[in-house]
Amino acid sequence: MKNLPEYDLLFTGGRIFGGSGWSDPVWLNGVLVIDGKIAATGDPPNLIEIHKSSSENTLREIALAGSLLLPGLCDGHLHLAVGGKTLELTNLSGMDKTQVKGSLRETAKRLGDKDKWLHAFNWDSSRCSLTADDLEQWLPDQLVVINQIDLHGGCVSHRVLNSIGINKLSPDPSGGRIGRDSNGKPNGLLYESAIDPVRMAVPDPTPDDIQKNILRGQDYLIQKGVTAVSEVLNPNTEDIYRELDKNGLLHLQVDAWQRFEEWDWKTPPTPSGNRFQLHTLKAFLDGSFGSRTASLNTPYEDQPQNCGTLFMSDRDLT
């Protein structure tokens, strides 16, 4: 059942933008919202009359006092469920090595248990180099996973490497690369599919966890003025989104993308709900520049043996 508001809204007294696309701005005097959707624009007295003839809800006027009112922003590509989780993780954005060290130590202190996984994200390798040796020096024998800012690579501690069985004899997996020191020993840097064993080793979130992460991320985005997103689905999240939508708890418009490898090549998408739809497939062809995994015709200048990682051949894609 849809959870509709108990009252309607009339916005007046501000700079109300009514333009579209690349057209010249159109400035409106008022906006009428009925049952959570824009019903009409124009002069407030006319909008009040429209409301009287269209809705039995109470009309609440919002006086903008000259403020600017814009349509909601739409994000073209994000990971809402994962993003909601990151709001409670250690954020290394913009930090140099000294700051990263302090932040990780503070997080480990809060965890208070070396058997608990320490997760951090938004690590910028161009600003701060990291290896498993660094993590061992700062946090001996801790389970540490640090995601690079582009999510195409990361750095893990020696304990994590040992737990997933990566050693000097481990070959690079298909579609991935294991970072190594000058002696060929894994240095904690994992790229693309090489980090998959880490993801499998970390306990899976429960459906309740995923739902909480989605709602936490949704609240954050709405506060920033974002009202629609394109979401890359992880396994098992589609049903959770559809249940939230059915129960009126999904307030963002969600255009979902299914990963290409998770489609059976024949099943059409389930019909769209109120705020959730799935009409798009996503295929990864290669990695990213930040992790030096974007596929190139010639090697990277700072990594002469590395041309990146190509996940599909032209034949596979065709």
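For the structure itself, consult the block above.
None of these values were measured; they are calculated from a predicted model. (Residues numbered from 1 in each chain as written. Predicted model: local features only at pLDDT ≥ 70, side-chain atom pairs only at ≥ 80, totals over all residues. Heavy atoms only, no water.)

Each helix and strand counted, the chain has 9 helices and 15 strands in total. Dimensions of the chain, computed from C-alpha atoms along their principal axes, come out at roughly 80 × 50 × 40 Å. Each of the 318 residues in the chain was classed as buried or not, and the buried ones make up 37%. Look at the contacts in the chain between residues 6 or more apart in sequence, and 61% of them connect residues 24 or more apart. Surface summary for the chain: the accessible area is close to 18700 Å², and the carbon and sulfur share equals 51%. The chain carries 31 positive and 42 negative side-chain charges, and their two centres are separated by 5 Å. (Helix = DSSP H or I, 4+ residues; strand = E, 2+ residues; numbered from the N terminus. Buried < 20%, exposed > 50% of the residue type's maximum accessible area, 1.4 Å probe, protein only. Contact = heavy atoms within 4.5 Å. Areas by Shrake-Rupley, 256 points an atom, 1.4 Å probe, with all protein chains shown as cover. Lys, Arg positive; Asp, Glu negative; His and termini not counted. Charge placed at Lys NZ, Arg CZ, Asp CG, Glu CD.)

On to the packing of aromatic side chains, then. Under the counting rule described, the total for this entry stands at 4 aromatic pairs. Between Tyr241 and Phe276 the ring centres are 5.5 Å apart and the planes differ by 20°, which places this aromatic pair in the stacked class. Residue Tyr241 is found in helix 8 (residues 237-246), and its partner Phe276 is found in strand 15 (residues 276-282); the two are separated by 35 residues along the sequence. The exposure class of Tyr241 is buried, given its relative accessible area of 0%. When the ring of Trp263 is compared with that of Trp265, the centres are 6.1 Å apart and the planes differ by 20°; the resulting orientation is stacked. Of the residues examined, Trp263 reaches a relative accessible area of 25% and is grouped as partly exposed. With relative accessibility at 59%, the residue Trp265 sits in the exposed group. Put simply, the rings of Phe260, Trp263 and Trp265 touch in pairs and so form one group of aromatic residues. (Phe/Tyr/Trp six-rings, centres within 6.5 Å; stacked < 30°, edge-to-face > 60°.)

Another point: the sheet that holds strand 6 (residues 73-78). Overall, parallel pairing links the 4 strands, which are arranged 6-13-14-15 in an open sheet. Each having just a single partner strand, strand 6 and strand 15 make up the two edges of the open sheet. For this sheet, the mean inter-axis angle between neighbouring strands, taken without regard to orientation, is 20°. Across 4 bridges, the pairing between strand 6 and strand 13 (residues 226-232) is parallel. Residue Cys74 lies in a different strand from strand 13, and its bridge partner there is Ala228. Contacts from helix 8 reach strand 13, strand 14 (253-259) and strand 15 within the one sheet, and its direction differs from that of strand 15 by about 155°. (Pairing = 2+ DSSP bridges. Axes fitted to C-alpha atoms, helices over the stretch in contact; angles between N-to-C directions.)

Where helix 7 (residues 207-223) contacts helix 8, the axes come no closer than 10 Å and their chain directions differ by 60°. Comparing their axes, helix 8 and helix 7 come out oblique. Our pair here, helix 7 against helix 8, has a crossing hand that is right-handed. Contact with helix 7, carried on its side by Pro207, Ile210, Gln211, Ile214 and Leu215, involves Thr237, Ile240, Tyr241 and Leu244 of helix 8 and no other residues of that element. Of the residues belonging to the contact of helix 7 with helix 8, the class tally is 7 nonpolar, 2 polar and no charged. (Parallel < 35°, antiparallel > 145°, perpendicular 65-115°, else oblique. Left-handed = near helix turned anticlockwise from the far one by under 90°. Nonpolar A, V, L, I, M, F, W, Y, C, P; charged D, E, K, R; others polar.)

Right, let's talk about the sheet that holds strand 11 (residues 176-180) for a bit. Hydrogen bonds between backbone atoms are what pair the strands of a sheet, whose relative direction is either parallel or antiparallel. Reading across from one edge, 7-8-9-10-12-11 is the order of the 6 strands in this open sheet, with mixed pairing throughout. At either end of the open sheet lies a strand with only one pairing partner, and these are strand 7 (90-91) and strand 11. Relative to strand 12 (residues 186-192), strand 10 (residues 153-156) runs antiparallel, the two being bridged by 3 bridges. Within the sheet, the bridge partner assigned to Gly153 lies in strand 12 and is Tyr191. Together, strand 7, strand 8 (118-123) and strand 9 (144-148) form the strand contacts of helix 3 (residues 97-111), whose direction differs from that of strand 8 by roughly 155°.

This part is about helix 3. Because an α-helix completes one turn every 3.6 residues, residues spaced three or four positions apart along the sequence face the same direction. Its 15 residues give helix 3 an end-to-end C-alpha distance of 21 Å, which sits within 8% of 21 Å, the value for a rise of 1.5 Å per residue. Three or more residues of helix 3 are buried, namely Val100, Ser103, Leu104, Thr107 and Ala108. Each buried residue of helix 3 lies within a common arc of 135° when the element is viewed along its axis, so the set occupies one face. Opposite the packed face of helix 3, turned more than 90 degrees from it, sit the exposed residues Thr98, Lys109 and Arg110. On its buried side, helix 3 packs onto strand 7, strand 8, helix 4 (132-138) and strand 9. With a side-chain oxygen lying 3.2 Å from the backbone nitrogen of Thr98, the N-terminal cap of helix 3 falls on Asp96. (Expected span 1.5 Å × (residues − 1). Arc of directions from axis to C-beta. Polar contact = N/O pair within 3.5 Å; in protein donor to acceptor, adjacent residues only side chain to side chain.)

Another aspect to go through is the state of the cysteines. For the structure on display, the rule yields 0 disulfides. Cys128 takes part in no disulfide bond, and the closest cysteine sulfur to it belongs to Cys155, at a distance of 9.1 Å. The exposure class assigned to Cys128 is buried, which follows from its relative accessible area of 2%. Look at Cys155 and you get buried, because its relative accessible area is 0%. (Disulfide = S-S within 2.5 Å.)

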